[in-house]
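Given next are the chains, with one letter for each unit.
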Amino acid sequence: MHKTKVLTGITTTGTPHLGNYAGAIKPAIEQSWQDDIQSYYFMADYHALIKGRDPERIHQSTLEITATWLALGLDTDRVTFYRQSDVPEIMELSWLIGCMTAKGLMNRAHAYKAAVQTNEEKGEADPDKGITMGLFSYPVLMAADILMFNADKVPVGRDQIQHLEMARDIAGRMNHHYKTCFTLPEVIVGENTATLSGLDGRKMSKSYDNTIPLFCSEKKLLKLMRKIKTNSLAPGEPKETDGCTLFQIYAAFASEAEIAEKRQQYAEGASWGDLKNQLFEHLNAQLREPRARYNALMKDRAFMQAELKKGADKARAEATPFMAEVRKAVGIRPFA
Ligand code: TRP
């Protein structure tokens, strides 16, 4: 049976939060159970260097993300789960395809353009001030991540669509010029997956500092629930579910029937205090077990290291021979 290859990367810059779980981790783990899918999930730690320069933070984030996915039941026998930096072939491929990538294409990357625009708005003499080659060539490394394994489908957030178009463009150029057979990856933007709001009602994101960590302690979770912004409607007054952060988080963790019941409580004027306590109870019931596994994993570094080694071995079993072919195709080959 031909399996569809699904690949996605997680940049190791932060602590996994409820929004990551609902929008990316949960759907990815569920999908990995399908028999017609071969999944590749990896920690994009080289990408993380573009966004952060605190070595401890990057290391800690890599640990936390690894422990999170394992605690939530990712089956590393079914899935290839690895660290980008453990597969050096990806960096090699990144250079080769970089030599086939038009600089003009990179000039049009949203992230780069936004950085230039910020400089211009600030009246900087140099529009490239503070912009590194890492940031500029981010899409090339991302294309290498994807093309290395000939991924068919790449689930990402909306902000990554352009990067997928670039990966296809680069694959096309390689295939055209060198007659390589890179798969042109298709983007999947999770239409049905939830984007959660954070404590202040804006999108839950590390950059807004409004996140609720997935595996914080019970006490902290309750404290954060109480901090979620609501309006000033009094107990007894009917409340809107639309646009309500509490409701939205609840919905991401509840069945249809539970959601319907919750709507009813809103309509009947449940108090914000009660709704917050109930949300805490509901989340905590689901998080208790994986949280315990997470805490145990965080103490068992050797186990996590072995899991990642297993993933890297599987990844390299594909990447090493494939890279040898690509090298040959571009003219870098043994003499005899
Ligand atoms: N750029 C992605 C993000 O910020 C992370 C990433 C790196 C990625 N390499 C990838 C996603 C390859 C999918 C495929 O979300």
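Cut-offs and rules
- Residues numbered from 1 in each chain as written.
- Predicted model: local features only at pLDDT ≥ 70, side-chain atom pairs only at ≥ 80, totals over all residues.
- Heavy atoms only, no water.
- Salt bridge = Lys/Arg side-chain N within 4 Å of Asp/Glu carboxyl O.
- Helix = DSSP H or I, 4+ residues; strand = E, 2+ residues; numbered from the N terminus.
- Buried < 20%, exposed > 50% of the residue type's maximum accessible area, 1.4 Å probe, protein only.
- Pairing = 2+ DSSP bridges.
- Patch = residues over 30% accessible without salt bridge, like charges linked within 9 Å, V, L, I, M, F, W, Y side chains within 5 Å.
- Areas by Shrake-Rupley, 256 points an atom, 1.4 Å probe, with all protein chains shown as cover.
- Core = buried A, V, L, I, M, F, W, Y, C linked by side-chain atoms within 4.5 Å.
- Domains from an automatic or database assignment.
- Contact = heavy atoms within 4.5 Å.
- Near = heavy atom within 4 Å.
- Polar contact = N/O pair within 3.5 Å; in protein donor to acceptor, adjacent residues only side chain to side chain.
- Nonpolar A, V, L, I, M, F, W, Y, C, P; charged D, E, K, R; others polar.

A.B. asks: How should I be thinking about the pattern of salt bridges in this particular structure?
C.D. replies: Oppositely charged side chains can pair when the atoms bearing their charge come close. All told, the structure shown has 14 salt bridges when counted by the stated rule. Between Arg173 and Asp169 there is a salt bridge; the shortest N-O distance is 3.4 Å. Of this pair, Arg173 and Asp169 both sit in helix α9 (residues 161-178), four residues apart, which is roughly one turn of the helix. You can call Arg173 partly exposed: its relative accessible area is 38%. Owing to a relative accessible area of 33%, Asp169 belongs among the partly exposed residues under this scheme. Note that Glu307 is salt-bridged to Lys310, the shortest N-O span being 3.4 Å. With Glu307 and Lys310 both in helix α14 (residues 301-330) and three residues apart, this pair spans about one turn of that helix. Relative accessible area serves as the criterion here: at 11%, Glu307 is assigned to the buried category.

A.B. asks: For this particular structure, what's the right way to read unusual backbone geometry?
C.D. replies: Across residues other than glycine, the phi torsion is negative in most instances, and most of the peptide bonds are trans. Backbone geometry places Lys179, a non-glycine residue, at a positive phi of 60°. Secondary-structure assignment places Lys179 in the loop between α9 and β5 (186-189). The class for Lys179 is exposed, based on a relative accessible area of 64%. One non-glycine residue, Asp209, lies in the positive phi region at around 55°. Following the sequence through the fold, Asp209 ends up in the loop between β5 and α10 (218-227).

A.B. asks: Help me understand the pairing of strand β3 (residues 80-83), please; the structure alone is not making it clear to me.
C.D. replies: Where burial is concerned, the two faces of β3 agree: the one with Thr80 and Tyr82 and the one with Phe81 and Arg83 are both buried. Where strand β2 (residues 37-44) lies against β3, four bridges are found, and the strand directions are parallel. By the bridge assignment, Met43 is partnered in β3 with Arg83.

A.B. asks: What's the story with a nonpolar patch on the surface in this structure? I'm lost.
C.D. replies: A surface patch of nonpolar side chains, amounting to about 270 Å² of accessible area, comprises Tyr46, Leu49 and Met91. With respect to the element layout, Tyr46 can be found in helix α2 (residues 45-51). Take Tyr46: its relative accessible area is 33%, and that puts it in the partly exposed class.

A.B. asks: What is the right way to read the nonpolar core from this model?
C.D. replies: The nonpolar side chains of soluble globular proteins are, as a tendency, buried together. Counting 52 residues, the largest nonpolar core has Leu18, Trp69, Phe81, Ile212, Met225, Ile249 and Leu283 as the members making the most contacts within it. Mapped onto this core, the elements with two or more residues apiece are α1 (18-31), β2, α3 (55-71), α10, α11 (245-252), α12 (256-267), α13 (272-299) and α14. With nine residues, α13 is the largest single contributor of residues to this core. Looking at which domains feed residues into this core, each of domain 1 (4-194 + 301-330) and domain 2 (215-296) supplies at least three. With residues up to four places along the chain from it excluded, the contact list for Leu18 reads Leu196, Met204, Ile212, Leu214, Met225, Ile249, Phe253, Leu283 and Leu287. In terms of nonpolar packing, the next biggest core, distinct from the first, is built from 43 residues, Leu93, Met142, Val154 and Val156 among them.

A.B. asks: Explanation requested: the site of the ligand in the structure shown.
C.D. replies: Taken together, 15 residues surround the ligand, and among them Gly9, Tyr138, Met142, Asp145 and Gln160 come closest. Here a nitrogen atom of the ligand sits 2.6 Å away from a polar atom, N or O, in the side chain of Tyr138. Between Asp145 and the ligand, the recorded distance is 2.7 Å, taken from a side-chain N or O atom to a nitrogen atom. The protein chains hide 89% of the 370 Å² of surface that the ligand would expose on its own. Only β1 (4-11), β2, α2, α8 (138-148) and β4 (153-156) provide two or more residues apiece to the shell around the ligand. Within the shell around the ligand, the residues separate by chemical class into eight nonpolar, five polar and two charged.

Nothing here speaks to function; it is geometry throughout.
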